[in-house]
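# Descriptive analysis of the structure
Below, each chain spelled out in residue letters.
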Amino acid sequence: MRLQVCGYAAASILILATSNVWAASGQAVFEQNCAVCHKMLSPKFGDKAAWAPRIKQGTDALVASVIKGKGGMPPRAGKPDLSDDDIKAAVEYVTSKSQ
């Protein structure tokens, strides 16, 4: 029984640690690949009014826009090596800071 409780505690710590790393990676992906444009061009990072209609479309639609490219943004933000998971993490980071 004691081993089982320790197992649950270890799993909980691992999940929490992983989620924090994942959130940080969304920020890192944004800072390394998206920030140059989105800190100067629309929609600007943190601009709630500009992001609201985009956020309303949902995460999947935003991720698809980044993957396909939109307007002046090239596919995968001009970084072909970005994985879909990297893009999703960056989108979730941006939307969390723009609501």
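Structure shown above.
My aim in this report is to walk through the structure given alongside it, one point at a time. None of these values were measured; they are calculated from a predicted model.

Basis of the calculations
Residue positions are given per chain, counted from 1 along the sequence in the order it is written. Only residues with pLDDT of at least 70 are given local features in this predicted model, and only at 80 or more are side-chain atom pairs given and counted; all residues enter the totals for whole chains, interfaces and linings. Water and hydrogen atoms play no part in the side-chain values, which are based on all heavy atoms of the structure. Put simply, a patch holds well-exposed residues, over 30% relative accessible area, that have no salt bridge, with like charges counted together within 9 Å and Val, Leu, Ile, Met, Phe, Trp or Tyr side chains within 5 Å. For the accessible areas, the method is Shrake-Rupley and the probe is 1.4 Å, while residue cover comes only from the protein chains on display. For salt bridges, the criterion is a side-chain nitrogen of Lys or Arg within 4 Å of an Asp or Glu carboxyl oxygen. Here a strand is any run of E in DSSP of at least two residues, a helix any run of H or I of at least four, and the numbering for each starts at the N terminus. Per-residue accessibility, obtained with a 1.4 Å probe over protein chains only, is compared with the maximum for each type, and a residue is labelled buried under 20%, exposed over 50%, and partly exposed between these values. Aromatic rings from Phe, Tyr and Trp, taking only the six-membered ring of Trp, are treated as a pair when their centres fall within 6.5 Å; an angle between ring planes under 30 degrees marks them as stacked, one over 60 as edge-to-face, and anything in between as tilted. The definition used for a disulfide is geometric: two cysteine sulfur atoms within 2.5 Å. The span expected for a helix works out to 1.5 Å for each residue beyond the first.

## Things to note about a nonpolar patch on the surface
- Where nonpolar side chains cluster on the molecular surface, the patch consists of V36, M40 and L41 and spans about 340 Å² of accessible area.
- Examined against the element boundaries, V36 turns out to sit in helix α2 (residues 35–38).
- For V36, a relative accessible area of 63% translates into the label exposed.

## Quick word on the packing of aromatic side chains
- According to the stated counting rule, one finds three aromatic pairs in the structure shown.
- Judged by centre distance (5.8 Å) and plane angle (50°), the ring pair of F30 and Y93 falls under tilted. Here Y93 lies in helix α5 (residues 84–96) and F30 lies in helix α1 (residues 2–33), a separation of 63 residues in the sequence. The pair F30 / Y93 is uniform in exposure class, with both members buried.
- Consider the rings of F45 and Y93, whose centres lie 5.6 Å apart with planes at 20°: the pair is stacked. Taken as a pair, F45 in the loop between α2 and α3 (48–57) and Y93 in helix α5 lie far apart in primary sequence, 48 residues in all.

## Digging into the state of the cysteines
- According to the stated counting rule, one finds zero disulfides in the structure shown.
- The thiol of C34 is unpaired, and the distance to the nearest cysteine sulfur, on C37, comes to 8.6 Å.
- By relative accessible area, which is 18% here, C34 ends up buried.
- Owing to a relative accessible area of 42%, C37 belongs among the partly exposed residues under this scheme.

## Quick word on the environment of S83
- Secondary-structure assignment places S83 in the loop between α4 (59–68) and α5.
- Along the chain, S83 and I67 lie 16 residues apart, while their C-alpha atoms are 9.2 Å from each other.

## Overview of unusual backbone geometry
- Each neighbour pair has its own omega, and for S42 with P43 the value is -5°, a cis peptide bond.
- Structurally, P43 can be placed in the loop between α2 and α3.
- Although it is not a glycine, R76 sits at a positive phi angle of roughly 55°.
- Relative to the assigned elements, R76 resides in the loop between α4 and α5.
- Although it is not a glycine, A77 sits at a positive phi angle of roughly 55°.
- Among the secondary structure elements, A77 is positioned in the loop between α4 and α5.

## A few points about α5
- Across its 13 residues, α5 extends 18 Å between first and last C-alpha, which sits within 8% of the 18 Å expected from 1.5 Å per residue.
- Turning to α5, its buried residues are I87, A89, A90, V91, Y93, V94 and T95.

On their own, these measurements won't tell you what the molecule is for.
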